[in-house]
Amino acid sequence: MTFAPILLKLDLGKAIAEELEIEEVFSFNVGSFKVSVDETTVVSWIIIAVMTVLALILTRNLKVEGEITKRQAFLELIYEKAEGFFKGLIGEKGHRYIPWLMSMALFIGVSNIIGIFSPTFFGSMKPPTKSMQVTAVMALTSIVLVEFATFRAKGIKGRLKAFAEPLPVLAPINVLEVFTKPLSLAMRLFGNVLAAFTIMELIKIVTRNIILPVAPSLYFDIFDGLLQAYIFVFLTALYIEEGITEVEKTPKEKKKKRKKAKA
């Protein structure tokens with residue numbers, strides 16, 4: 001009994017280390033530069049390929065007029081619900097970014113729960129979101145989209161001016177926020193996925209797999225994974241909405257604007 005806590009710690013540490021270890025699948029040279037492709041990249045390719053094939057199959061022979069199939073009715077219902085949700089967050093101005101948000105939600109959701117399908121004929125597949133590199137790239141992609149939407153809505157002058165709102169003294173903090181947003185998105189997604197895995201490993205070690213932890217597995221492997229996908233795109237949508245929405249001017253500023261217009 002004296003060594004039980006030590007063994008528990010060693011087992012958990014070993015499991016986490018193995019899960020975080022990213023192995024190289026193959027590599028090739030481009031001139032003198034070696035390009036290494038790891039397992040998270042390969043799993044991401046598999047997810048993208050499967051999702052693309054499913055999208056092509058499910059959207060075949062869709063009709064604009066006439067009687068539609070149950071499949072099309074179901075797809076339209078899902079899309080309308082998702083579109084309504086995101087439209088409520090970012091409004092009509094951000095409508096063009098909704099397909100990207102939907103795609104990102106699907107990719108992160110599938111990536112988070114892909115581990116429950118291992119091992120498969122593809123081999124043991126680790127969720128790509130357990131790699132800090134993957135979550136960091138997705139976060140950077142989101143912030144690039146946010147900044148693109150902001151510049152598109154406000155222009156270069158308007159975007160630069162927004163850094164000084166609501167007070168010019170806050171400009172350094174507003175500039176720093178551009179860099180802290182992707183960091184928080186990446187760390188939140190990576191941390192929560194890793195935490196869910198750690199808790200599941202603790203449960204397995206404590207029970208020694210004598211009792212199948214079905215309820216915790218349903219929560220941490222499926223529900224929590226989908227929840228993290230929701231949180232990621234929800235925050236991205238809020239950032240887009242914040243960037244494309246004009247700041248309400250104070251009565252004093254409105255008065256100055258009217259005087260300038262009259263002059």
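Here the structure is shown first, and the text comes after it.
This report concerns the structure included in the present document. Quick caveat, the model's predicted, so the values are computed rather than measured.

## Looking at a nonpolar patch on the surface
- A grouping of V25, F26, F28, V30, F33, W45 and I48 is seen on the molecular surface, where their side chains present a nonpolar patch of about 710 Å² in accessible area.
- Only β1 (24-30) and α2 (39-58) provide two or more residues apiece to the nonpolar patch.
- It is β1 that contributes the most residues to the nonpolar patch, four residues altogether.
- Within the secondary structure layout, V25 lies in strand β1.

## Some details on unusual backbone geometry
- In the Ramachandran plot, N61 falls in the positive-phi region, its phi being about 55° despite a non-glycine side chain.
- Along the chain, N61 turns up in the loop between α2 and α3 (70-90).

## With respect to the packing of aromatic side chains
- Here the structure, examined in full by the defined rule, presents three aromatic pairs.
- Centroid distance F85 to F86: 5.1 Å. Interplanar angle 70°. Geometry classified as edge-to-face.
- Judged by relative accessible area, which is 32%, F85 ranks as partly exposed.
- A relative accessible area of 5% means that F86 is categorised as buried.
- By the ring-pair criterion, three or more aromatic residues cluster together here, those being F85, F86, Y230 and F234.
- Sitting above the plane of the F163 ring, R159 keeps its charged end 4.3 Å from the centroid.

## A closer look at the pattern of salt bridges
- For the structure on display, the rule yields three salt bridges.
- Of the charged contacts, one joins K87 and E92 as a salt bridge, the two residues approaching to 3.7 Å between their closest N and O atoms.
- Its relative accessible area of 28% is what places K87 among the partly exposed residues.
- The closest approach of N and O atoms between K181 and E242, which form a salt bridge, is 3.7 Å. With K181 in helix α6 (residues 171-207) and E242 in helix α7 (residues 214-244), this pair connects stretches of sequence that are 61 residues apart.

## Digging into α3
- For α3, which comprises 21 residues, the first-to-last C-alpha distance of 30 Å matches the rise-based estimate of 30 Å (1.5 Å per residue) to within 8%.
- Taken residue by residue, α3 has Q72, E83, F86, L89 and I90 as its buried positions. An end-on view of α3 places all buried positions within 115° of arc, on one side of the element. Facing away from the buried side of α3 by over 90 degrees, the exposed positions are K70, F74, K81 and G88.

What counts as what
Residues numbered from 1 in each chain as written. Predicted model: local features only at pLDDT ≥ 70, side-chain atom pairs only at ≥ 80, totals over all residues. Heavy atoms only, no water. Patch = residues over 30% accessible without salt bridge, like charges linked within 9 Å, V, L, I, M, F, W, Y side chains within 5 Å. Areas by Shrake-Rupley, 256 points an atom, 1.4 Å probe, with all protein chains shown as cover. Salt bridge = Lys/Arg side-chain N within 4 Å of Asp/Glu carboxyl O. Helix = DSSP H or I, 4+ residues; strand = E, 2+ residues; numbered from the N terminus. Phe/Tyr/Trp six-rings, centres within 6.5 Å; stacked < 30°, edge-to-face > 60°. Buried < 20%, exposed > 50% of the residue type's maximum accessible area, 1.4 Å probe, protein only. Lys NZ or Arg CZ within 6 Å of the ring centre and 35° of its normal. Expected span 1.5 Å × (residues − 1). Arc of directions from axis to C-beta.

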